[in-house]
Amino acid sequence: MTKKKSDSSTKTLVGAIDQGTSSSRFLIFNATNLELITYHQESIQISTPNPGWVEQDPNEILEKTILCMEKAVEKLGELGYDKSDIKVIGVTNQRETTILWDKKTGKVLHNAIVWLDARTQETVDFLLRQFNTHRDCLQEQCGLPLSTYFSALKIRWLIDNNHHVREAIKENRCLFGTVDSWLLYNLLSDDKNTVHVTDVTNASRTMLMNIRDLKWDPKLCEFFGIPEHILPEIKSSATIFGYINKGLLQGIPVGAVLGDQQAALVGQQCLTKGTAKSTYGTGCFILYNTGEDLAYSRNGLLTTVAYKWNDDDAVYALEVRKKNTMCGSIAIAGECIKWLRDNLGLIPDSKSTETIAASVKDTGGVYFVPAFSGLFAPYWRSDARGLIMGMTQYTTKAHIVRAALEGISYQTREIVDAMYDDSGVRLSKLKVDGGMANNKVFLQMLANIVGMNVTTPSLFETTALGAALAAGKAQGIDLFKLEVENEIETEMSQYIPRIQGKQREENFSAWKKAVIKSFENLTPAFNIENKSMQKDTTHLSSRTMGWIALTSTYNKKFRAAKRMKTALDNRLKRFRMLDQDEFQEMLKSLSQQSPEEQLKASNGVDTFGGMHISNYWSS
């Protein structure tokens, strides 16, 4: 995309380095209207030396990034602009990807271990056994569960398995960084000054930064056995990191660094507490702005830093992400559509889902639970399997395709509910990007099911735009205020819910019934892998609330006292925590149970009012 310069065009431009898993890009925006002027993109090779291992060459990442900058500047000149029109550069990058290098020679000590690499699973298991703990044991300090995703586990693996790394650490010449640190080290350092820095959003994905004081935590470093001296300096997301040291853009300041999903949050201008962005691609990422308040999840979501401007307080977020044991329930958004195309042959391509789904007015009672790899947050059921139910002789492929799109929307609804449960902040609107944001039928379904306005930007380069906006926010640059009352107007498409609340909730209850049928075993609701009972509280999960909501409508079956049913309904509406005594008291009030049944009920909701759940479905 290129835009020729006009006489009225401003000469104030902002550049953005967008270093992703599959490519590096450099984009240049007009600071006045946020119009994309030009860009250049280069693909990055991925190597998989062993099953589950994913690596990249840090030198290729650097070289391709520099090439993108140079090529984009050349294109800019052809359009009548001058490179001096670029006032500042922002950086956004793939998060958690881990690089170690020698600070004396600048040479890497190992290939970059990419964020989705799974080789550290044994390290995770070892730590859990060694400390006799659970995956959320560090959540209070860093906001994250023990997982193969995060940088600390990758550093630990490198220390354990690479003698060059151990020697470099022993000789105090090893440096660690995520991709942003590696790029800035090479782009900003010179003979007089070594720049070894990161920002709070990237640091929050290492498991080594204290999520409250935004500093490296000695106790976390000790837990993983990682020396603090290898870690970069943590800075705000928007601040002057340094100046490009050579090349066509020499002397231009780098004014911002943001992890890619946080950059997309800023690019969508989700700057208000209670706003969220959702990216629908192969999987789905949702970031939910919780303001300056930390919200720790009880539903398997991640607590992370959204951004920090200069000397302002940090803004936090809850996040759902794809493809891991700690990912969200929308882990297969794009994969679901791919399955319809490649495995069933119901659609010729992903774009056709819009016209096929639009050919019928509804799903005809069909529900599609795309649990191909289990269901994750808020269910955490690895035994769940994909399910299509409600088919009749009337059912056509259009009904199934439409049900698949609805299934993705219902999963989004459940995550939004879980985020409200964790944060107490009601979502005001949902901003959507990614490949499925081009599907108007899907977006209207999403608005209907989630029950709020859904908006999509006209410019889909929201990640790079977020980095550019943040760079313009840096003190001394001051191109953008990025304040709620000064939101930059951009062209948006908006989808408004078209169904009433009662119908929405009835449909949602039917979806819940389909979800429960996807479970292989009706195991206790709180016996969830890697989740432990903390202190004396029991949390009513989204799944449990679904069971209670469905079963409590049948008073005759459970002989529930009207007074207790009302109390239970009120508690559910408030999404509050029930302590163990309260929870058991409610279970006992629903029916008279034997001691053995009461004990079973206290461990979860395998039985309800003395009736096994499977009996309810069969009746």
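Refer to the structure printed above.
In this text the structure is predicted, and so the values were computed from the model without any measurement.

Draft legend 1. Inspection of helix H15 (residues 501–517) at higher detail. Here H15 spans 25 Å end to end across 17 residues, near enough to the 24 Å set by a 1.5 Å rise per residue. Taken residue by residue, H15 has Arg 504, Phe 508, Trp 511, Lys 512, Ala 514, Val 515 and Ile 516 as its buried positions.

Draft legend 2. Geometry of the environment of Ser 23. The residue Ser 23 is located in strand E2 (residues 23–30) in this model. Assessed through its relative accessible area of 9%, Ser 23 is described here as buried. Residues Ser 23 and Gln 41, spaced 18 residues apart in sequence, show a C-alpha to C-alpha distance of 6.8 Å. Not counting the four nearest positions on each side in its chain, Ser 23 is found in contact with Asp 18, Gln 41, Glu 42, Ser 43 and Ile 44. Polar side-chain contacts of Ser 23 include one of 3.1 Å to the side chain of Gln 41.

Draft legend 3. Seen up close, the packing of aromatic side chains. Taken as a whole and assessed by the stated rule, the structure comprises twelve aromatic pairs. Centre to centre, the rings of Phe 223 and Phe 224 are 5.0 Å apart; their planes meet at 80 degrees, and the pair counts as edge-to-face. For Phe 223, a relative accessible area of 13% translates into the label buried. With a relative accessible area of 2%, Phe 224 lands in the buried category. One aromatic cluster is present, built from ring pairs that chain together Tyr 367, Tyr 410, Phe 508 and Trp 511. Positioned over the ring face of Tyr 420 is Arg 426, at 3.8 Å from the centre of the ring.

Draft legend 4. Geometry of the sheet that holds strand E13 (residues 275–280). Taking strand neighbours across the sheet as the criterion, the seven strands line up as E15-E16-E14-E13-E19-E20-E21 in an open arrangement whose pairing is mixed. Both edges of this open sheet fall to strand E15 (302–307) and strand E21 (492–495), since each of them pairs with a single strand only. Across this sheet, the average inter-strand angle for adjacent strands is 30 degrees, counted without regard to direction. The pairing of strand E19 (residues 429–433) with strand E20 (residues 454–457) spans two bridges and is classified as parallel. Note that in E20 the partner of Lys 431 across the bridge is Thr 455. Strands in contact with helix H12 (residues 397–423) are E13, strand E14 (284–291), strand E16 (315–320) and E19; relative to E14, the strand with the most contacts, it is inclined by about 25 degrees.

What counts and what doesn't
Every chain is numbered independently, its residues counted from 1 as its sequence is written. Whole-chain, interface and lining totals are the exception, using all residues; otherwise, since this is a predicted model, local features are given only for residues with pLDDT of at least 70 and side-chain atom pairs are given and counted only at 80 or more. The basis for every side-chain value is the complete set of non-hydrogen atoms in the structure, without hydrogens or water. Secondary structure counts use DSSP, requiring at least four H or I residues in a row for a helix and at least two E residues in a row for a strand, with both numbered from the N terminus. Helix span is expected to be 1.5 Å times the residue number reduced by one. The cut-offs for exposure are 20% and 50% of the maximum accessible area for each residue type, with area from a 1.4 Å probe on protein chains only; residues under the lower value are buried, those over the upper are exposed, and the others partly exposed. Note on contacts: a residue pair is in contact if any heavy atoms of the two residues lie within 4.5 Å. Here a polar contact means two N or O atoms within 3.5 Å. Within protein one must be a hydrogen donor candidate and the other an acceptor candidate, and residues neighboring in sequence count only if both atoms are side-chain atoms. The criterion for an aromatic pair is that two Phe, Tyr or Trp rings (for Trp, the six-membered ring) have centres within 6.5 Å, with stacked assigned to planes under 30 degrees apart, edge-to-face to planes over 60 apart and tilted to the rest. The rule for a charge over a ring is simple: NZ of Lys or CZ of Arg within 6 Å of the ring centre, and within 35 degrees of the ring normal. Two strands are said to pair when DSSP picks up at least two bridges between them. In this analysis, axes come from line fits to C-alpha atoms, helices being fitted only over the stretch in contact, and the angle between any two N-to-C directions falls in the range 0 to 180 degrees.

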